[in-house]
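Residue-level listing of the chains:
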Amino acid sequence: MRDHHNQQVAMYLSLNDLLWVFLFALGGWYLWAGMAAKEQVRQAATSHCARLGVQLLDDTVALVRTRLKRDSRGQLRLQRSYEFEFASTGERRYSGVAVLHGRRITQMQLSPHQMV
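Computed from a prediction, not measured in an experiment: that's the story for all the values here.

Attention now goes to the nonpolar core. Ranked by size, the top nonpolar core spans 14 residues in total, and within it Val41, Cys49, Val61, Phe84, Phe86 and Leu110 carry the most contacts. Of all the secondary structure elements, the ones that give two or more residues to this core are α1 (2–52), β3 (76–87) and β4 (94–101). Among the elements that make up this core, the one with the highest residue count is α1 (four residues). The contact partners of Cys49, leaving out residues within four places of it in the chain, are Val54, Gln55, Leu56, Phe84, Phe86 and Leu110.

Turning our attention to the pairing of β4. The buried fraction of β4 is high, at six of eight residues. Taken together, β3 and the strand that follows it, β4, pair antiparallel across an intervening segment of six residues, in which Gly90 is found at a positive phi of about 90°. Pairing analysis gives six bridges linking β4 to strand β5 (residues 104–110), with the strands arranged antiparallel. Looking at β5, one finds that Leu100 is bridged to Ile105. Count of turn residues in the β4/β5 antiparallel hairpin: two residues, of which Gly102 carries a positive phi of about 70°.

Here the focus is the pattern of salt bridges. According to the stated counting rule, one finds five salt bridges in the structure shown. A salt bridge links Glu39 to Arg42; the nearest nitrogen and oxygen atoms lie 2.7 Å apart. Of this pair, Glu39 and Arg42 both sit in helix α1, three residues apart, roughly one helical turn. A residue is classified by how much of its surface remains accessible, and Glu39, at 32% relative accessible area, is partly exposed. Each of Glu39, Arg42 and Asp59 takes part in a single network of salt bridges with overlapping partners.

Another point: the confidence of the model for the protein chain. Averaged over all residues, the pLDDT of the protein chain equals 88, while 88% of them reach at least 70. Confidence scores differ between elements of the protein chain, with α1 showing the lowest mean pLDDT of 84 and β4 the highest of 97.

Next up on the list: the layout of surface pockets. If you roll a probe as big as a water molecule over the atoms, it shows you where there is empty space left. Roughly 310 Å³ of volume is contained in the largest pocket. Forming the walls of the largest pocket are Trp29, Trp32, Ala33, Ala36, Ala37, Gln40, Arg77, Leu78, Arg80, Leu100, Gly102 and Arg103. Secondary-structure elements contributing two or more residues to the lining of the largest pocket are α1 and β3. Of the residues forming the lining of the largest pocket, the biggest block, six residues, is contributed by α1. Partitioned by chemical class, the residues of the lining of the largest pocket number seven nonpolar, two polar and three charged. Put simply, the second largest pocket is a space of about 190 Å³. Tallied by class, residues from the lining of the second largest pocket come to no nonpolar, four polar and five charged.

On to the environment of Leu68, then. Inspection of the secondary structure puts Leu68 in strand β2 (residues 62–70). Using a relative accessible area of 57% as the deciding quantity, one classes Leu68 as exposed. Taking the C-alpha atoms as reference points, Leu68 and His101, 33 residues apart in sequence, are found 9.0 Å from one another. Residues within four places of Leu68 in sequence aside, it is in contact with Leu76, Arg77 and Leu78.

What counts as what
Residues numbered from 1 in each chain as written. Predicted model: local features only at pLDDT ≥ 70, side-chain atom pairs only at ≥ 80, totals over all residues. Heavy atoms only, no water. Core = buried A, V, L, I, M, F, W, Y, C linked by side-chain atoms within 4.5 Å. Buried < 20%, exposed > 50% of the residue type's maximum accessible area, 1.4 Å probe, protein only. Helix = DSSP H or I, 4+ residues; strand = E, 2+ residues; numbered from the N terminus. Contact = heavy atoms within 4.5 Å. Pairing = 2+ DSSP bridges. Salt bridge = Lys/Arg side-chain N within 4 Å of Asp/Glu carboxyl O. pLDDT = per-residue confidence, 0-100. 1 Å grid on protein atoms, 1.4 Å probe; cavity = no way out; pocket = protein on both sides within 12 Å on 5 of 7 lines; lining within 4 Å. Points joined across faces, edges and corners; volume = space filled by probe spheres on them. Nonpolar A, V, L, I, M, F, W, Y, C, P; charged D, E, K, R; others polar.

As structure tokens, then:
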């Protein structure tokens, strides 16, 4: 009877360990995917700003919101919203927003700004 109890405890611990490994791997994937997404949005914001004749400031974007949302095909995907700052004349900072839905940038918006 005692042997049977030890086997149950050993199985419970291995399932618990498996759960921790899964959660650790999921967290690692989320961080890795988040860094790749941020770089994709940063490059897109840099290009968008250059096309409009403004400059992306600090060469960075900041994640402000992550949520699950269905895409046009009905598939559930992560939607990440980023904010960034840009300048048109070099004197004043303006804000911009970029939205990445899955792997596609679905929105790139700059606030009203003064042009030279």
